[in-house]
Amino acid sequence: MLDVGDLSDRAVRTALPPLVALRSLSKRYGDLLANDAIDLEITPGEIRALLGENGAGKSTLVKILYGVIEPSAGDIYWEGHRIRIDSPVDARNLGIGMVFQHFSLFDELTVAENVAVALRHMSFEAVRRGLKAVSEGYGLGLDPDHLVRTLSAGERQRIEIVRCLLQNPKLIVLDEPTSVLTPQESERLFQTLEQLADEGKAILYISHKLEEVRRLCRTATILRGGRVVATLDPREKSAGEIAALMVGAEVGDVRREAREVASARVLEVQSLSMPALSSHERALVEVDVGVAAGEIVGIAGVAGNGQGELFAAISGERLSDSPGSVVIAGVPVGLRGIDERRKLGAAFVPEERLGHAAVPGHGLGDNTVLSHHAMGGLVRTGFIAFDRARDLAKRVIGDFDVRTPGPDAQASKLSGGNLQKFVVGREILRNPKVLVVDQPTWGVDAGAAQVIRKALIDLADGGAGVLIVSQDLDELFAIADRIAVIHEGRIGRIRPTAEWTREAIGLEMMGVAADDAH
Amino acid sequence: MTTFEAILFTVVMASTPLLIAAIGELVAERAGVLNLGVEGMMAMGAVSAFVGAFLFQSTWIGIGFGMLAGGLMAALFAVAVLGFAANQVGAGLALTILGLGLSGVIGAPFVGERLPTTPRLEIPYLSDLPILGSALFSQDIFVYLSLLLVAGVAWFLMGTRAGLRLRSVGENHGSAHSLGLPVLKVRFMAVVFGGLCAGLAGAYLSLVYTRFWAPNMTAGRGWIAVALVVFAAWRPGWALVGAYIFGTATVLQLHAQAAQFGLPSQFLSAVPYLATIIALVILSARRGSSGVGAPGSLGQPFVPDR
């Protein structure tokens, strides 16, 4: 028997038999091989990264491991025995715990109920006790009786983790766990994970963020196009080398040079206040933001602090009560609808690609009409010119490297990255004077993210003003000229990017004013 | 029995079928399935119960037939919306039309027949209480059953693990599936439970309320039951309150007509429905801010991606 202390020694760790081993695991969907003969071994006490772009097959692999989908071919060995995992219940009985990317939580249930529903062999009382014990043991601070609806993203994720830990798993799988967390919340998660690994649990950490993988993992398996392309120590390789393995080509770091800000404002938001329409929304309080021609302004913030409301107010999906609160190209438009704002040269890309920016069941050609109908000749005497719409879709597909069979493909059939390239490209081809983008690269793979960021920079270089709302600080630091933080519906001071540090932004995102920190 | 006692007695009678049908629909909706076929299931329950009771001269066999018919109709609906992921609104409307039509065909030879009175379940001493005594404690078996049903469903939903799983499935079927809950199985059972209740409510109409059968005798009660679920904010206790409010309105308008207030009878007949609409509007306006609403996955088809 090994004691726990031995587990931290790498030589001993590699000598341990693998907890789980995948051999030539494949999953086929029609013509697409989502997983192609994947081999993977994970030993107890190891934090293993699974890196890859969207569509590389990470989620498919995880779903197979958790019994949600069936592999088409290949074997899974658990502690040396060949097994089948037919359902999540099987997976849990084996000792596989899962923390999902999109939380598998129920908003209208309490924390305790959310945990209890997954644990069929524990009484409610045992769940409550266990929840308290685990929450205290790892410093997670969860109250069993709170409704999940009222909790922050970080708290929600901790529920998932507690739910997972109460099943006493040997392997914990985390799918993109930090996508909705602040840097501070992420760091806290990493500490919990390290503590768990020290206790001998195996952790499979799925991500496309290189920095956090380098912070956390000693071994990374890289997937591309459904295959394992490399297994390496992420600390020994440069970010560029790893990114190249992920996308299959050298990725140039897209970065914007510092530049002088022109004085002419193409978008001006002045003392914009809006009440919250429901308890799920944020009120906007005295928001001031200006975007000059040729500049990119970034709005950072943790999800749910008013970004969606700000986008709605600027785009005209919600009207404000005074004309001057939103000014586009010198025209007060606070009381005017979205089409009139578009006619002034504004373009908008909402956060939600599918359902907001595009109609899932419609072809790409039809989807171009959504934002071009008021101008651009797609509508003639009240009828849609379908041939022109298709031509426009073809141009977007060609110019922005959208990988799809053609302009008739349904929006819902595109991968997240390709659809995002399409909806951003659709707006850019209108040659807007102002582009407002909410989360331009959220959940998008590195390759598509580069295409989109490059396009935004080119647009600004061409003289347009760009406002980016993003939770991805790397993105804002790379391409924004000036950055402000939104917190609880208020926007802090806009400062040139060079004057910000990550720490300062992180603190302001948490609601600690920069001056208090020193 | 004074007039007031008689009114109370009939209020309970008018409210009971609404309550039974609403509780069944509430369970189906809590599992995420919107079944607009309650009216059709009730009609089938009413005719089947009448035929069973008439042929076998037994109320119990009648009840059995009524529930069986409601359950079968619900199973048919479940196969369409769960097995084939058909649109729930469309399938539900079709079920209503089918139930109303089919019940007319089945019941045609029985129009004009009458059943003997259902035995009442007098509760000794309590039924002798003044005013409320006869209304509450000398009713038929259905009334007690309906009250037990409310308590049972409330306890099941909020106090048991199976109830928690049912609520989870209705709240977010994607999450429930990824946790390994059998979404379609839970929904199937919930829908069939709803059908059994609708069948029972229909049986009450033909076996107790009228004791004869006539085409379209459900007279929109199935729709009221669907509305009551919304009124109740998907809570069994509030369904009880709502059913009795509507039942009271129904009975009072009859008495108002008899008292000849000088209002057209058509207007008075419409009062209960108007009351339902007003109650719904007031409730949903007030609820807008509190966030207590429909189950998250209500009405959405679920297709597992295995």
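Owing to the predicted nature of the structure, the values given are computational and were not obtained by experimental measurement. (Residues numbered from 1 in each chain as written. Chains lettered and ligands numbered in written order. Predicted model: local features only at pLDDT ≥ 70, side-chain atom pairs only at ≥ 80, totals over all residues.)

1. Overview of the overall build of chain B
Scanning chain B from N- to C-terminus turns up twelve helices and zero strands. For chain B, the α and β elements follow one another from N to C terminus as α-α-α-α-α-α-α-α-α-α-α-α. Across the 306 residues that make up chain B, the buried fraction comes to 47%. In chain B, the share of contacts with a sequence separation of at least 24, taken over all contacts with a separation of at least 6, comes to 77%. (Helix = DSSP H or I, 4+ residues; strand = E, 2+ residues; numbered from the N terminus. Buried ≥ 20, exposed ≤ 12 C-beta atoms within 10 Å, placed from the backbone. Contact = placed C-beta atoms within 7 Å.)

2. So, the overall build of chain A
Along its length, chain A carries 18 helices and 23 strands. Sorting the 518 residues of chain A into buried and exposed places 48% on the buried side. Contacts spanning at least 24 positions in sequence make up 68% of the contacts within chain A whose residues lie at least 6 apart.

3. Focus: the sheet that holds strand S7 (residues 171-175) of chain A
Residues and elements named next belong to chain A. The mixed open sheet is built from six strands, whose spatial order is S6-S7-S8-S3-S9-S10. Each edge of the open sheet is held by one strand with a lone partner, namely strand S6 (96-99) and strand S10 (227-232). Across the sheet, the mean angle from the axis of one strand to that of its neighbour is 20°, orientation sign disregarded. Here strand S3 (residues 47-51) runs beside strand S8 (residues 202-207); their pairing, made up of five bridges, is parallel. (Pairing = 2+ DSSP bridges. Axes fitted to C-alpha atoms, helices over the stretch in contact; angles between N-to-C directions.)

4. Focus on helix H18 (residues 502-509) of chain A
Residues and elements named next belong to chain A. By the burial criterion, the buried members of H18 are Ile-505, Gly-506, Glu-508 and Met-509. End-on, the buried residues of H18 take up no more than an arc of 165°, which puts them together on one face. Check the buried side of H18 and you find it contacts helix H8 (183-198), strand S13 (296-300), helix H17 (473-479) and strand S21 (482-487). Backbone geometry just downstream of H18 places Gly-511 in the positive-phi region, at approximately 95°. (Arc of directions from axis to C-beta.)

5. Quick word on the sheet that holds strand S11 (residues 265-274) of chain A
All names here are of chain A. One open sheet holds the four strands; their spatial order is S12-S11-S14-S15, and the pairing between them is antiparallel. Lying at the two open borders of the sheet, with one neighbouring strand each, are strand S12 (284-292) and strand S15 (331-332). Pairing between S11 and strand S14 (residues 326-328): three bridges, direction antiparallel. Bridge pairing links Leu-267 to Ile-328 in S14.

6. Observations regarding the pairing of strand S9 (residues 219-224) of chain A
All names here are of chain A. Strand direction decides the pairing type here: S3 and S9, joined by four bridges, are parallel. Counterpart to Ala-49 in the pairing with S9 is Ala-220. Here S9 runs beside S10; their pairing, made up of five bridges, is antiparallel. Counterpart to Arg-224 in the pairing with S10 is Arg-227. Hairpin connection of S9 to S10: two residues between the antiparallel strands, including Gly-225 at a positive phi of 55°.

7. Some points on the nonpolar core
Core analysis: the largest hydrophobic core is formed by 230 residues, its most contacted members being Val173(A), Ala22(B) and Leu228(B). When residues of this core are assigned to their parent elements, the largest contribution, 18 residues, is made by helix H9 (residues 183-209) of chain B. Those residues in contact with Ala22(B) that lie beyond four places of it in its chain are Ala225(B), Leu228(B), Val229(B), Ala239(B) and Ala243(B). (Core = buried A, V, L, I, M, F, W, Y, C linked by C-beta atoms within 7 Å.)

8. Some words on the environment of Val186(B)
All names here are of chain B. Residue position: Val-186 is located in helix H9. Separated by 158 residues in the primary sequence, Val-186 and Ala-28 place their C-alpha atoms 9.5 Å from one another. Every residue in contact with Val-186, bar those within four places of it in the chain, is listed here: Ala-31, Arg-165, Leu-166, Val-169 and Leu-181.

9. Remarks on the interface of chain B and chain A
Facing the 15 residues of chain B at the interface are 20 residues of chain A. Of all the secondary structure elements, the ones that give two or more residues to the side of chain B that touches chain A are helix H7 (161-171) and helix H8 (173-178) of chain B. Of the residues contributing to the side of chain B that touches chain A, the split by class is two nonpolar, eight polar and five charged. (Nonpolar A, V, L, I, M, F, W, Y, C, P; charged D, E, K, R; others polar.)

10. What about the packing of helix H1 (residues 3-30) of chain B against helix H6 (residues 141-159) of chain B?
Helix-helix packing is characterised by the crossing angle of the two axes and by the distance between the axes. Residues and elements named next belong to chain B. For the pair H1 and H6, the least separation of the axes is 9 Å and the interaxial angle reads 25°. Between H1 and H6, the crossing angle belongs to the class labelled roughly parallel. Note on packing geometry: the crossing formed by H1 with H6 is left-handed. Packed against H1, whose contacting residues are Val-12, Thr-16, Leu-19, Ile-20, Ile-23, Val-27 and Arg-30, the element H6 presents Phe-142, Val-143, Ser-146, Leu-149, Val-150, Val-153 and Leu-157 at the interface. (Parallel < 35°, antiparallel > 145°, perpendicular 65-115°, else oblique. Left-handed = near helix turned anticlockwise from the far one by under 90°.)

11. Quick word on the environment of Ala202(A)
Topologically, Ala202(A) is positioned in strand S8. C-alpha of Ala202(A) to C-alpha of Val173(A): the two residues are 29 residues apart in sequence and 8.6 Å apart in space.

12. Notes on helix H11 (residues 236-259) of chain B
In this model, H11(B) (24 residues) spans 35 Å end to end at C-alpha, consistent with the 34 Å of a helix rising 1.5 Å per residue. Immediately beyond the C-terminal end of H11(B), within one or two residues, lies Gln260(B), with a positive phi of roughly 55°. (Expected span 1.5 Å × (residues − 1).)

13. Some details on the confidence of the model for chain B
Residue and element names in this part refer to chain B. Of all residues in chain B, 89% have pLDDT values of 70 or greater, and the mean over the chain is 87. The lowest-confidence element of chain B is helix H5 (residues 132-137), averaging 63 in pLDDT; the highest-confidence one is helix H4 (residues 88-107), averaging 96. If you check the scores for this complex, the pTM reads 0.69 and the ipTM reads 0.78. (pLDDT = per-residue confidence, 0-100.)

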